[in-house]
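Notes for the structure review
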Amino acid sequence: MADPVSIIVGAAKLVWTGAKLLGSALTGAHGLGWQLAALGTVDAAVSKFLPKTTGGGLDRAAPRDVTMRSAVEPRKIVYGRALVSGPVWYMNTADAGRNLWIGICLAGHEIDDVESIFFDSRQVYWADIDASTGAVTGSSAFAGHTWIWKHLGTDTQTVDTNLSDTFSDIGATHKLQGVAHIVIKFRWTDDAANTPLQAGVPRRIAALIKGKKIYDPRLDSTQTSISGSGSHRVDDSSTWTWSENPALAAADYLIDSRLGPGFATSEIDYAALAADADYCDATISEDDDAKRFTANGVLFANGRPRQNVKRLLSAMNGRMTMSGTPKKVRIEAGRYKTPTASLDESWLSGSIKIRRASPRTERINTVRAVYIDKTDGYESQESFARTVAAYVTRDGDEEMLREINLPLTDNETMAQRISHRHVLAANQMLTVDMPCNYKALNLAIHDFVQVTNSELSWTNKVFVVQGWSLGGSGGINLVLQETESTAFADPSSYTARVAGSIITYAQPDTPPPSGLAATAEVGGIALAWNLPAAPDTWDMIEVHQSSTNDRSAAAKIATSKADEYFAELRKGETRYFWIRSINAGGTA
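Residues numbered from 1 in each chain as written. Predicted model: local features only at pLDDT ≥ 70, side-chain atom pairs only at ≥ 80, totals over all residues. Heavy atoms only, no water.

**Let's talk about a nonpolar patch on the surface**
Our working rule: Residues enter a patch when their relative accessible area is above 30% and they make no salt bridge; the linking distance is 9 Å between like charges and 5 Å between nonpolar side chains (Val, Leu, Ile, Met, Phe, Trp, Tyr). For every accessible area listed, the method is Shrake-Rupley and the probe measures 1.4 Å; residues are considered covered only by the protein chains on display. Whenever a carboxyl oxygen of Asp or Glu lies within 4 Å of a side-chain nitrogen of Lys or Arg, that contact is scored as a salt bridge. Each helix is a run of H or I in the DSSP string that is no shorter than four residues. Each strand is a run of E no shorter than two, and both are numbered from the N terminus. Throughout this description, buried means an accessible area under 20% of the type-specific maximum (1.4 Å probe, protein chains only), exposed means over 50%, and partly exposed covers the range between.
Among the surface-exposed residues, Tyr438, Leu441, Trp468 and Leu470 lie close enough to one another that they form a single nonpolar patch of about 440 Å² accessible area. Of note, tryptophan 468 is situated in strand E28 (residues 458-470). Residue tryptophan 468 is classed as partly exposed on the basis of its relative accessible area of 31%.

Here it is, written out as structure tokens:
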């Protein structure tokens, strides 16, 4: 069985032992110059069961769509749709250097499908690839020069016979079972100079894929308590199907024993999960009947499970806790629920403490999200900010902005929907410390309750349990936060991102370089780029670097006419790089 966390290219423990690794650039005959460019909330009761890390502890977003050379890479976990690339596990030439073969890992698990391939910015749809020969056909610029084969990463998949029939160092054991990957053949022909291959192999090769197949209790006829109907079975992954539902995705990650924390299926409250899955799937009429919440993106197997769970929950503004007898994990979308208990003076074991408003330093009245925009090349994008004018007035007409990250949200309106709910929730500022007797023993974090107290003039006032602990002198100490159904409302309208909001600048006199790529090597970083066209309009390439992601703080470290540069870097250092072209007069 392959390492469940990392893809270790060329290591003896994996089925592709002995495959060629990327070393120096491969150059074929005929001067072809083939080369690949250097390339929410989690309850503490659940959190303690999530290991701190299963590997390198990757908490920040790692590259998901970059083709790279690397001996060890964390396995990608893909939910919904995502544009991904990964490590090159094999590269070699054949037919006197006319054919270049490349194998690229996409995900560390079985996926549902590969829908299209991106060569830099050019997209080849799978409908334009011959299923029997792998040839790119139709009107694609790659037709006649490119062949592509996909392998979905099943545990029973076999070697790519196109590779094994061509190269003696690829044999029947090179199966890459459990790893979704693609194999590509580029062929140089006499007319290749008039194709996209004239500048060499694309610097980025990525695939738009449909990720994991996951279990849906609503499609399981044995789930009688929720009237399930279908062939899904929780203990048989062969019955599962693809879904972009974030509640189902969170449950799948928890029970994944290879790439996730490996909860037992009996520890998941699937009956409760079904209702939250329905809530996510509900369509929003103000958003062209789009689903309310979806999860489309990438996690990494060496990421901390707590952080991976939070990323999944962020896609539905969700939460997770443990409740019931026996205790089960309860995964919830961010929705209002009917209170399950009514608290009054008979529950109290002491005096109530109230905080009526959040400190000014903690207030927010405006929220903006960073998400992955599927309409703009699956690049990170800032959403339009959501604000409530009355809250701004309350705060002295001062905008109090919070930015949130939504790594598994892939469209503008959904990012606005989640941002809007964050603003509404932040207005629920009344919190209560309530010491209770043992009547509160069966309450759990995130339970909705209603409180009646004559002294405070509360009648069935709704709160959410945010804290639960044993009291020092007996009983249960609750921390409650006010809420109401309107705090979970979807917006009635959305700000559209239209072409008119995009500013297009004229082409500068000095054409810029393109395709900057970086590869970690021993002793530093190898940079490579495409030189600008029209060599008479530019003179030199400048390389700038900074220790922070701030272009204005960057310093020039090199000037060159070449298309590559090696920047020395000590272990543990971080550097950001920029390049630009200048003309003979020094104009960039």
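Still more ground to cover, so stick around.
**Here we look at the packing of aromatic side chains**
As a reminder, the rule being used: Only centres within 6.5 Å qualify two rings of Phe, Tyr or Trp (six-membered ring in Trp) as a pair; their planes then separate them into stacked at under 30 degrees, edge-to-face at over 60, and tilted for everything else. In this scheme, the term charge over a ring applies when either NZ of a lysine or CZ of an arginine sits within 6 Å of the ring centre and within 35 degrees of the ring normal.
What the rule picks out here adds up to 13 aromatic pairs. A centroid spacing of 5.6 Å and a plane angle of 65 degrees characterise the contact between phenylalanine 119 and phenylalanine 186, whose relative ring orientation is edge-to-face. With phenylalanine 119 in strand E8 (residues 113-119) and phenylalanine 186 in strand E11 (residues 180-187), this pair connects stretches of sequence that are 67 residues apart. For phenylalanine 119, a relative accessible area of 1% puts it in the buried group. In this structure phenylalanine 186 comes out as buried when scored by relative accessible area, which is 0%. A connected cluster of aromatic rings, assembled from ring pairs, spans Trp89, Tyr90, Trp101, Trp149 and Phe167. Geometry around tyrosine 279 places arginine 292 over its ring, the cationic atom sitting 4.1 Å from the centre. For lysine 461, the ring lying beneath its charged end belongs to phenylalanine 463, and the centroid distance is 5.7 Å.

**Comments concerning the sheet that holds strand E32 (residues 540-546)**
Quick note on the threshold: Here, any two strands with at least 2 DSSP bridges between them count as paired. Axis definition: a line fitted to C-alpha atoms, over the contacting stretch in the case of helices. Angles run 0 to 180 degrees between N-to-C directions.
Taken in spatial order, the three strands of this open sheet run E33-E32-E35, and their pairing is antiparallel. Strands with a single pairing partner mark the edges of an open sheet, and in this sheet they are strand E33 (555-560) and strand E35 (576-582). Recorded for the sheet is a direction-independent mean angle of 25 degrees between the axes of neighbouring strands. Where E32 meets E35, seven bridges bridge the pair, whose relative direction is antiparallel. When the bridges of E35 are listed, methionine 540 appears paired with isoleucine 582.

**Quick word on helix H7 (residues 412-426)**
Rules: Expected helix span is taken as 1.5 Å per residue step, with the number of steps being one fewer than the number of residues.
The terminal C-alpha atoms of H7 lie 21 Å apart, and with 15 residues this matches the ideal 21 Å at 1.5 Å per residue to within 8%. Of all 15 residues in H7, 12 are buried, a share of seventy percent or more. Residues of H7 that are buried: Glu412, Thr413, Met414, Ala415, Gln416, Arg417, Ile418, Ser419, His420, Arg421, Val423 and Leu424.

**Section: the pattern of salt bridges**
Enumeration over the complete set of coordinates arrives at 33 salt bridges. Among the salt bridges present, the one from lysine 210 reaches aspartate 112, with a minimum N-O distance of 3.5 Å. One end of the pair, lysine 210, is in strand E12 (residues 205-210); the other, aspartate 112, is in the loop between strand E7 (99-107) and E8, with 98 residues separating them in the sequence. What emerges from the salt-bridge pattern is a single network uniting Asp276, Arg319, Arg330, Glu332, Arg335, Lys337 and Asp447.

**Examining unusual backbone geometry**
Backbone geometry places serine 227, a non-glycine residue, at a positive phi of 55 degrees. Within the element layout of this structure, serine 227 appears in the loop between strand E13 (213-214) and strand E14 (241-242). Residues other than glycine seldom take positive phi values, yet aspartate 289 does so here, at roughly 60 degrees. On the secondary structure map, aspartate 289 appears in the loop between strand E15 (283-284) and strand E16 (290-291).

**A closer look at the sheet that holds strand E29 (residues 476-482)**
The sheet built from six strands is open, its strands ordered E20-E27-E28-E29-E26-E21 with mixed pairing. The open sheet is flanked by strand E20 (341-343) and strand E21 (353-355), the only strands paired with a single partner. Strand-to-strand twist of the sheet, defined as the mean angle between neighbouring strand axes without regard to direction, takes the value 35 degrees.

**A look at the nonpolar core**
In plain terms, the rule: What is meant by a nonpolar core is a set of buried Ala, Val, Leu, Ile, Met, Phe, Trp, Tyr and Cys residues, joined one to another through side-chain atoms within 4.5 Å.
Counting residues in hydrophobic clusters, the biggest one holds 48 residues, and the most contacted among them are Tyr79, Leu254, Ile268, Leu312, Met316, Val329 and Ile331. Looking at this core element by element, the count peaks at eight residues for helix H3 (residues 246-255). Counting residues in each nonpolar core, the second largest holds 31 residues, with Val114, Ile129, Val136 and Ile205 among its members.

**Things to note about the pairing of E29**
Burial along E29 is one-sided: the residues Ile476, Leu478, Leu480 and Glu482 are buried and none of Asn477, Val479 and Gln481 is. By the bridge criterion, six bridges tie strand E26 (residues 431-436) to E29 in an arrangement that is antiparallel. Paired with valine 432 across the two strands is leucine 480, which belongs to E29. In this structure, E28 lies alongside E29, joined through seven bridges in antiparallel fashion. Looking across to E29, one finds that serine 469 is bridged to asparagine 477. Linking E28 back to E29 in an antiparallel pair, the connection comprises five residues, with glycine 474 at a positive phi of about 100 degrees.

**Details of the environment of serine 454**
Counting through the fold element by element, serine 454 comes out in the loop between strand E27 (448-453) and E28. When its relative accessible area of 62% is taken as the criterion, serine 454 is described as exposed. Residues serine 454 and aspartate 344, 110 residues apart in the sequence, show an inter-C-alpha distance of 8.8 Å.

**Some details on the side chain of serine 546**
Short version of the rule: In protein, a polar contact requires one atom able to donate a hydrogen and another able to accept it; more generally it is a pair of N or O atoms within 3.5 Å, and residues adjacent in sequence count only if both atoms are side-chain atoms. The contact criterion used is simple: two residues touch if any of their non-hydrogen atoms lie within 4.5 Å.
Mapped onto the elements, serine 546 comes out in strand E32. Among the residues examined, serine 546 registers a relative accessible area of 6% and is labelled buried. A distance of 3.1 Å separates a polar side-chain atom of serine 546 from the backbone oxygen of threonine 548. For serine 546, the residues in contact, after removing those within four places along its chain, are Ala553, Ala554, Thr574, Arg575, Tyr576 and Trp578.

**A closer look at the pairing of strand E6 (residues 88-94)**
Of all seven residues in E6, six are buried, a share of seventy percent or more. Relative to E7, E6 runs antiparallel, the two sharing six bridges. Pairing of tyrosine 90 across the sheet is with glycine 103, part of E7. Between E6 and E7, which follow one another and run antiparallel, lie four residues, and aspartate 95 among them has a positive phi close to 55 degrees.

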